[in-house]
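# Descriptive structure summary
Residue strings, one per chain:
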Amino acid sequence: MNKLQSSNPKRAIFLTIALDLIGLTIIFPILPSFIDRFGISHMMVGVIGATYAFFSFVSAPYLGRLSDKFGRRNILLASVVWSALGWIVTAFAPNVWWVLVGRIIDGVTAGNITIAQAILSDISKDSKERAKYYGIFGMMFGMAMIVGPLLGGFLIRFGFPVPFLVSGIFSILNALLIYFTLPETHTNRSESQEKMDKFAVFNALFHDKIAMYLWLFFIIGLGAGVYRHSFGLYMDAFYHMDETHIGYILAFVGVFMAFCQGYLLNNFWLKKFTPRQILATSLTASSILFTLVAFYDQTPSPQVYVWLVAEICMVFFTIVMWPVMQSEGMQHANPNKRWEVTGYFSSLGSLTAIIWPLVGAWLIGQHISPLWSAALASILSLGWFIFYRDRF
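Residues numbered from 1 in each chain as written. Predicted model: local features only at pLDDT ≥ 70, side-chain atom pairs only at ≥ 80, totals over all residues. Heavy atoms only, no water.

### Structural notes on helix α4 (residues 72-91)
For α4, spanning 20 residues, the distance from its first C-alpha to its last is 29 Å, which sits close to the expected 28 Å at 1.5 Å a residue. Most of α4 is tucked away, with 14 of its 20 residues classed as buried. (Helix = DSSP H or I, 4+ residues; strand = E, 2+ residues; numbered from the N terminus. Expected span 1.5 Å × (residues − 1). Buried < 20%, exposed > 50% of the residue type's maximum accessible area, 1.4 Å probe, protein only.)

### Some thoughts on the side chain of Asp297
Checked against the element boundaries, Asp297 lands in helix α13 (residues 275-297). For Asp297, which is buried and forms no salt bridge, the nearest opposite charge comes from Arg228, at a distance of 11 Å. Setting aside its immediate chain neighbours within four residues, Asp297 contacts Tyr234, Phe238, Tyr239, Pro302, Ser369 and Leu371. (Lys, Arg positive; Asp, Glu negative; His and termini not counted. Salt bridge = Lys/Arg side-chain N within 4 Å of Asp/Glu carboxyl O. Contact = heavy atoms within 4.5 Å.)

### What to know about the pattern of salt bridges
Going through the model one piece at a time under the given rule, you end up with 2 salt bridges. Among the salt bridges present, the one from Asp106 reaches Arg103, with a minimum N-O distance of 3.1 Å. With Asp106 and Arg103 both in helix α5 (residues 96-108) and 3 residues apart, the pair spans about one turn of that helix. Like Asp106, the residue Arg103 is buried in the burial classification.

### Concerning the environment of Pro323
Note on placement: Pro323 falls in helix α15 (residues 321-332). Since its relative accessible area comes to 27%, Pro323 is described here as partly exposed. The spatial distance from the C-alpha of Pro323 to the C-alpha of Gln261 is 8.6 Å, given a sequence separation of 62 residues. In this structure Pro323 touches Gln261 and Leu265, once residues within four positions along its chain are discounted.

### Thoughts on the packing of helix α12 (residues 243-272) against helix α14 (residues 304-318)
Relative orientation of the contacting elements α12 and α14 amounts to 35°, with a least axis distance of 9 Å. Judged by the twist between their axes, the crossing of α12 over α14 is right-handed. From α12, Ile249, Phe252, Val253, Phe256, Met257, Cys260, Leu264, Phe268 and Trp269 reach across to α14, where they touch Trp307, Leu308, Glu311, Ile312, Val315, Phe316 and Phe317. Looking at the contact of α12 with α14 residue by residue, the class counts come to 15 nonpolar, no polar and 1 charged. (Axes fitted to C-alpha atoms, helices over the stretch in contact; angles between N-to-C directions. Left-handed = near helix turned anticlockwise from the far one by under 90°. Nonpolar A, V, L, I, M, F, W, Y, C, P; charged D, E, K, R; others polar.)

### Considering a nonpolar patch on the surface
Residues Ile88, Phe92, Ile169, Ile172, Leu173, Leu176, Tyr179 and Phe180 make up a contiguous nonpolar surface patch of about 740 Å² in total accessible area. Topologically, Ile88 is positioned in helix α4. (Patch = residues over 30% accessible without salt bridge, like charges linked within 9 Å, V, L, I, M, F, W, Y side chains within 5 Å. Areas by Shrake-Rupley, 256 points an atom, 1.4 Å probe, with all protein chains shown as cover.)

Taken by themselves, the reported measurements are silent on function.
Structure (structure tokens):
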């Protein structure tokens, strides 16, 4: 082991995750800049996002298996280096086709977070400590959603390549951090390990006892994700905001999301309501709020201040349903296979991430609010929940 490598990898891996997530979220507020830079349509911006998500979905399980065989540290290091290359190609892309090449390079090696989670699992002494580490991971994602968009909105002022170059620099720093400070955590590579096929989630949707929760997660996630992950294009098209102000909005929403998940979930929602009551309340409120805001978006001159008040309400009621859905899915799963449930939810999230940018970009290109997809998904999910209420 390198003398600089820590015998305790927790700090190194959490710093690695932080740098990776900030580099990833820098791009969130600057999607409209692709239109200005290359003269492309909203739909083509969606194709760029979907390309990354598709290659990430396909490659993630293989990177996981390679990390079992060759070591977590080695594959994570290679993944981060290739991510840096992908960002650099995107920064200097002379046309949109080279942008796609850059996103394919990054997508093929986008196992950074998956491998980082495997490292956290390796170093956890028991399930309680593992849950604690995953909770810290979730908090760090929330913090990245504050820092990354602010940084992206600021950096785009200095030219299109700058945010992508900074993301590449973050990846290079990450590679140095991994090389010098992160020890190998998966030392017993000869042991036979059960692997979960990423496509096993499709079987679980129809045969597993947690299928109700998986379908609920899929339906509401698909609709809400169209809105959340086309946010930059949405704010540009409907509220005429530039990248800097989109970054401010995303950071503000990120702070409120972190407050809702980090404080209100434990100190309000879980204290006063049962999980079923939380799901019923969230789905009902989201059905109403998403529909109202979708109507408001289609008015002649919607005001961002009105939208912001509605957004606070939407976050307050909807952000708590995600951890509750996953927790209840774990609770209702076969005790011997609960480790698979996280993989099922992750697979569905990756699958819907391919669809989100395409649907969102198409809707915005037609000047149709992406909140209509969130409203429809919420109404369908509420109906699903009511119809199968005895199974939740």
